[in-house]
Amino acid sequence: MKNSEMDKLMAHCSQYFQQGDPIILHNPVMTDPHIDVLLYEPNEAYPFWKMVTMGASDFKMPDAPKLLGNRNEYMIFVDPSVNLNDQETVGWYYNQLMEVAFYPIGGNCCITYGHRLEWGEEEEEPSDMVGAFIEMPQILEDVGALHCKLGTFKKATCLQAVLLTRAEIDRLLEIGPEAFSEYLYPEDGGPMHYLSERYRSEKF
């Protein structure tokens, strides 16, 4: 990503998260594309952690129907009680976000709203989560957060990944993505399920 594009993405996220500059978690591995992660602390407007990829949109996905765009950046939201100032803890969430970001790159495919990703159980980094559902970040008040213009001919779609257990993926397969999205963000004012966890708790 060009420096000017990184500046635009950071400004975009800061604007819609309603807070200042993030911490940048640099990827120590030389990947193609190179993807870092922006870390935003909980704030008054959105009292949870925000983690956003920076560089995933350098990959132009192949054309497919019903795409919101052919370049994505991805975010996850984490409960404020989780200590993401701890290196091991934030490292695990960082790795999950990288799983999402490199999924379409590795398979030369597209992912968009309503898609599910599965990577299974990790023996080295135990967790209840085995995949993710790609969602629109509906918790953000302004729908303008969904698209970030990086240049004259380059625009990133900013999508949310919600980490899921095997049982939740089975439920997603049973009821379909539209109903599952309604479960995550119910229109009737019921409890929302948009925060990602390493081990499933009653907070979800």
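As a reminder, the structure under discussion sits directly above these lines.
We now examine the overall build of the chain. Each helix and strand in the chain was counted, giving four helices and eight strands. A compact globule built from 204 residues would reach a C-alpha radius of gyration of about 17 Å, and the chain, at 16 Å, matches this within 12%. For the C-alpha atoms alone, the extent of the chain along its principal axes is close to 40 × 40 × 40 Å. Buried positions account for 51% of the 204 residues belonging to the chain. Summarising the internal contacts of the chain: among those between residues at least 6 apart in sequence, 61% fall at separations of at least 24. Surface summary for the chain: the accessible area is close to 10200 Å², and the carbon and sulfur share equals 50%. In the chain, the 15 positive side-chain charges and the 33 negative ones have mean positions that sit 9 Å from each other.

Now for the packing of helix α3 (residues 166-175) against helix α4 (residues 177-184). Taken N-terminus to C-terminus, the directions of α3 and α4 make an angle of 130°; their axes are 7 Å apart at the nearest point. What the angle tells us is that α3 and α4 run oblique. Taking contact as the criterion, the partners of Glu168, Arg171, Leu172 and Ile175 in α3 are, on α4, Pro177, Ala179, Phe180 and Tyr183. For the contact of α3 with α4, the class distribution of residues is six nonpolar, no polar and two charged.

Take a negative patch on the surface next. A cluster of acidic residues, Glu178, Glu182, Glu187 and Asp188, forms a negative patch at the surface. Locating Glu187 in the fold gives a position in the segment after α4.

It is worth spelling out the packing of aromatic side chains at this point. Using the criterion set out here, one finds 11 aromatic pairs in the structure. With a centroid separation of 5.0 Å and an interplanar angle of 75°, the aromatic rings of Phe17 and Tyr40 are classed as edge-to-face. Of the two residues, Phe17 is situated in helix α1 (residues 3-17) and Tyr40 in strand β2 (residues 36-40); the sequence distance between them amounts to 23 residues. A relative accessible area of 1% places Tyr40 in the buried class. Ring centres of Trp92 and Tyr93 lie 4.8 Å apart, and the angle between their planes is 90°; this geometry places the pair in the edge-to-face category. In this structure Trp92 comes out as buried when scored by relative accessible area, which is 1%.

This part covers the pairing of strand β6 (residues 129-135). Counting buried positions over the seven residues of β6 gives seven, a clear majority of the element. Sheet analysis places strand β5 (residues 116-118) next to β6, joined by three bridges and oriented antiparallel. Residue pairing across strands places Glu118 opposite Gly131, the latter belonging to β6. Where β6 meets strand β8 (residues 154-165), six bridges bridge the pair, whose relative direction is antiparallel. Counted as the bridge partner of Gly131 is Leu164 from β8.

Now for the environment of Leu117. For Leu117, the position within the fold is in strand β5. Expressed as a C-alpha distance, the spacing of Leu117 and Gly131, which sit 14 residues apart in the sequence, is 5.2 Å. Sequence-distant contacts of Leu117, defined by excluding residues within four places in its chain, comprise Val100, Tyr103, Ile111, Val130, Gly131, Ala132, Ile134 and Ile169.

Rules used throughout
- Residues numbered from 1 in each chain as written.
- Predicted model: local features only at pLDDT ≥ 70, side-chain atom pairs only at ≥ 80, totals over all residues.
- Heavy atoms only, no water.
- Helix = DSSP H or I, 4+ residues; strand = E, 2+ residues; numbered from the N terminus.
- Rg over C-alpha atoms; globule rule 2.2 N^0.38 Å.
- Buried < 20%, exposed > 50% of the residue type's maximum accessible area, 1.4 Å probe, protein only.
- Contact = heavy atoms within 4.5 Å.
- Areas by Shrake-Rupley, 256 points an atom, 1.4 Å probe, with all protein chains shown as cover.
- Lys, Arg positive; Asp, Glu negative; His and termini not counted.
- Charge placed at Lys NZ, Arg CZ, Asp CG, Glu CD.
- Axes fitted to C-alpha atoms, helices over the stretch in contact; angles between N-to-C directions.
- Parallel < 35°, antiparallel > 145°, perpendicular 65-115°, else oblique.
- Nonpolar A, V, L, I, M, F, W, Y, C, P; charged D, E, K, R; others polar.
- Patch = residues over 30% accessible without salt bridge, like charges linked within 9 Å, V, L, I, M, F, W, Y side chains within 5 Å.
- Salt bridge = Lys/Arg side-chain N within 4 Å of Asp/Glu carboxyl O.
- Phe/Tyr/Trp six-rings, centres within 6.5 Å; stacked < 30°, edge-to-face > 60°.
- Pairing = 2+ DSSP bridges.

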